[in-house]
Amino acid sequence: MKKMTLLLASVLLSASATVSLAEDISGLDSLRKQGLETQDPAAKLKNYPKDNEKVGLSYIQQPPLVPHSVRGYQVDRNVNKCLSCHSFKNYKKYDATKISTSHFTNRDGTVLSDVSPRRYFCMQCHVPQVKAQPLVENDFKPSGALSD
Ligand code: HEC
Ligand code: HEC
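Right, let's walk through the structure included here.

Calculation rules
Residues numbered from 1 in each chain as written. Chains lettered and ligands numbered in written order. Predicted model: local features only at pLDDT ≥ 70, side-chain atom pairs only at ≥ 80, totals over all residues. Heavy atoms only, no water. Phe/Tyr/Trp six-rings, centres within 6.5 Å; stacked < 30°, edge-to-face > 60°. Helix = DSSP H or I, 4+ residues; strand = E, 2+ residues; numbered from the N terminus. Buried < 20%, exposed > 50% of the residue type's maximum accessible area, 1.4 Å probe, protein only. Lys NZ or Arg CZ within 6 Å of the ring centre and 35° of its normal. Donors = N, O, S within 2.8 Å, 3.2 Å for Na, K, Ca; no water. Tetrahedral: all angles 85-135°; square planar, octahedral: opposite > 155°, others 65-115°.

## A look at the packing of aromatic side chains
Scanning the model with the defined rule gives two aromatic pairs in all. Where F88 meets F104, the ring centres are 5.4 Å apart and the plane angle is 85°; that geometry is what we call edge-to-face. Of the two residues, F88 is situated in the loop between α2 (83-86) and α3 (91-94) and F104 in the segment after α3; the sequence distance between them amounts to 16 residues. On the basis of an interplanar angle of 85° and a centroid distance of 5.1 Å, the ring pair of Y120 and F121 is categorised as edge-to-face. Residue classification places F121 among the partly exposed residues on the basis of a relative accessible area of 44%. Sitting above the plane of the Y73 ring, K81 keeps its charged end 5.6 Å from the centroid. Across the ring face of F88, the terminal group of K98 is positioned such that the distance to the ring centre comes to 5.7 Å.

## Let's talk about the coordination of the iron atom of ligand 2
At this site the iron atom of ligand 2 is bound by H103 (NE2) and H126 (NE2), with donor distances of 2.0 Å. Coordination at the iron atom of ligand 2 is octahedral: its six donor atoms span angles of 87 to 178° at the metal. With H103 in the segment after α3 and H126 in the segment after α3, this pair connects stretches of sequence that are 23 residues apart. Of the two residues, H103 and H126, both sit in the buried class.

None of this, on its own, says anything about what the molecule does.
See the structure below:
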């Protein structure tokens, strides 16, 4: 193991020694044409509504949008804040929608006894909404069967 670490370290050292650090960047520019040295200030945090009406769906099989704030909700290896309200065990207590049974199926189509790992990180698919100026014009219309 020790030998392996030494070997790895020497490979890494020699690799970094051969990379030239002084790349010539004159003539390059950012997409925003601000030069490579300037940086925009961080955008202001959006004001997500604390609680909202459920948001209608725009297409079949859409992951429903999150109608409440999720600031500070932790989802990691040890805890899943979303499941503390949305799991089958807890949803009644919090009057929350229970997760879909589809969330128990793994990629091989086997139904598991708990949430499938591929559905564990809820905000991969479910995102909260905020009233904001769209970045680009958008004339998307919900699919016919779902529009009012
Ligand atoms: C403190 C409890 C609580 C926590 C924690 C929580 N939710 Fe919710 N959530 C609710 C309740 C209650 C509703 C239902 C709101 C309603 O009926 O208007 C809801 C609604 C939703 C909906 C809409 C469901 C639908 O059918 O339209 C989604 C999606 C959702 N939550 C996702 C999440 C995600 C993702 C997280 C974690 C980041 C999370 N929630 C954490 C209580 C919670
Ligand atoms: C890979 C994408 C994906 C992930 C990750 C995911 N969901 Fe979903 N979710 C969906 C889709 C798509 C639907 C709607 C279709 C369905 O029911 O499967 C849905 C439906 C739901 C619903 C509505 C169920 C109903 O009866 O209307 C809730 C609540 C929900 N998800 C909560 C969660 C929570 C909590 C997590 C994290 C533990 C999570 N989801 C992770 C895609 C996802």
